[in-house]
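Residues per chain, in single letters:
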Amino acid sequence: MNWDDLKTFISVAKTCNVTDAGAALRVSASTVSRKITALEEALGSALFLKRTNGYFLTEAGKALLPLALEAEERFKLIERQIAHPREHAGGCVRIDCPEVMGTHLIIPALEQLHEQYPDIQFDLVNSALSSKLTHSHSDIIIRLHRPENGNFTMRCLGRLTQGLFCSDTYAARHGLPRQPADLQRHQLIGWTEEMAHMPLARWLHELGNGHKPWLRLQNLNAQINAVATGLGIAALPIYVGMRNGFTRVLPAGPAHGADIWLLRNLASQDLKRVSVVTEHLIGYFARTRTDLP
């Protein structure tokens, strides 16, 4: 088995066809097919069900995918660590963070940093679903809970406070709840079933006394757009709701809070570029209020 074949496997697993995988890898579809066949022969197992409408993972393929993704992360880490001298503030820094942190805090923080250090590039893993720390080889990780273990140093950057918001249009049309029990009569915007385990989703469920959202979405930006359109009430970070000019719902009621933790991978602890980015983020979070009352 070689890494090139494994990389091809990952691309086909993501795209479900050899044409798109080939385009992403800048090789022909026939080359992709040949590499998949070589990998299957090396492993002695079929990895895909090859149908006219696409390539679909077999049980063996499903078992291989998380291992292949972990290997991909390790190769990327090796490339970042070896590609540039440790004393040089240049090269790629990989940041893994929740969607709200990435979209509304990390990305805005990069403009000034890029002006000062134009040789630093970024890979930003920005998702509502956090990857497991044991599988992450990112240089910097932002989390909304303190991890119990892992190969990282960490520090608390502050606190993220979240509350309920709606648009002025919704408030004018439906009025505002005066107490949590009134949420039963309102249109709630929540998270899809696979996101229901998140603390913010559980908080909205408890505050609404189990009242089910009429609209369930998978990411925060979609919820912001839904609120802006006047579709209902959603739980959002308070600084995001206020910056968008939304109406605070139950402002005197309970809010949801979570500490913001910055984790730094010990494997890249002595890389200057990672130190530069870490210190910049620490300063940026210190100047940015995320715990607005």
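Now for a look at the structure at hand. Only a predicted model underlies this, so the values are computations on that prediction, with no experimental measurement involved. (Residues numbered from 1 in each chain as written. Predicted model: local features only at pLDDT ≥ 70, side-chain atom pairs only at ≥ 80, totals over all residues. Heavy atoms only, no water.)

### Some details on the pattern of salt bridges
Phase 1 of the analysis: A full pass over the atoms with the stated rule returns seven salt bridges.
Phase 2 of the analysis: Among the salt bridges present, the one from Asp 259 reaches Arg 159, with a minimum N-O distance of 2.9 Å. Residue Asp 259 is found in strand 11 (residues 256-265), and its partner Arg 159 is found in strand 6 (residues 152-166); the two are separated by 100 residues along the sequence.
Phase 3 of the analysis: Among the residues examined, Asp 259 registers a relative accessible area of 30% and is labelled partly exposed.
Phase 4 of the analysis: Note that Arg 185 is salt-bridged to Asp 182, the shortest N-O span being 2.9 Å.
Phase 5 of the analysis: We classify Arg 185 as exposed; its relative accessible area is 66%.
Phase 6 of the analysis: In the salt-bridge network here, residues are joined through shared partners; they are Asp 4, Asp 5 and Lys 35. (Salt bridge = Lys/Arg side-chain N within 4 Å of Asp/Glu carboxyl O. Helix = DSSP H or I, 4+ residues; strand = E, 2+ residues; numbered from the N terminus. Buried < 20%, exposed > 50% of the residue type's maximum accessible area, 1.4 Å probe, protein only.)

### Points about the packing of aromatic side chains
Phase 1 of the analysis: Within this structure, the stated rule accounts for two aromatic pairs.
Phase 2 of the analysis: Ring pairs connect the aromatic residues Phe 9, Phe 48 and Tyr 55, which therefore count as one cluster. (Phe/Tyr/Trp six-rings, centres within 6.5 Å; stacked < 30°, edge-to-face > 60°.)

### Re the state of the cysteines
Phase 1 of the analysis: Taken as a whole and judged by the stated rule, the model has zero disulfides.
Phase 2 of the analysis: Sulfur of Cys 92: no disulfide; nearest cysteine sulfur belongs to Cys 97 and is 14 Å away.
Phase 3 of the analysis: Taking relative accessible area as the criterion, Cys 92 reaches 16% and is therefore assigned buried. (Disulfide = S-S within 2.5 Å.)

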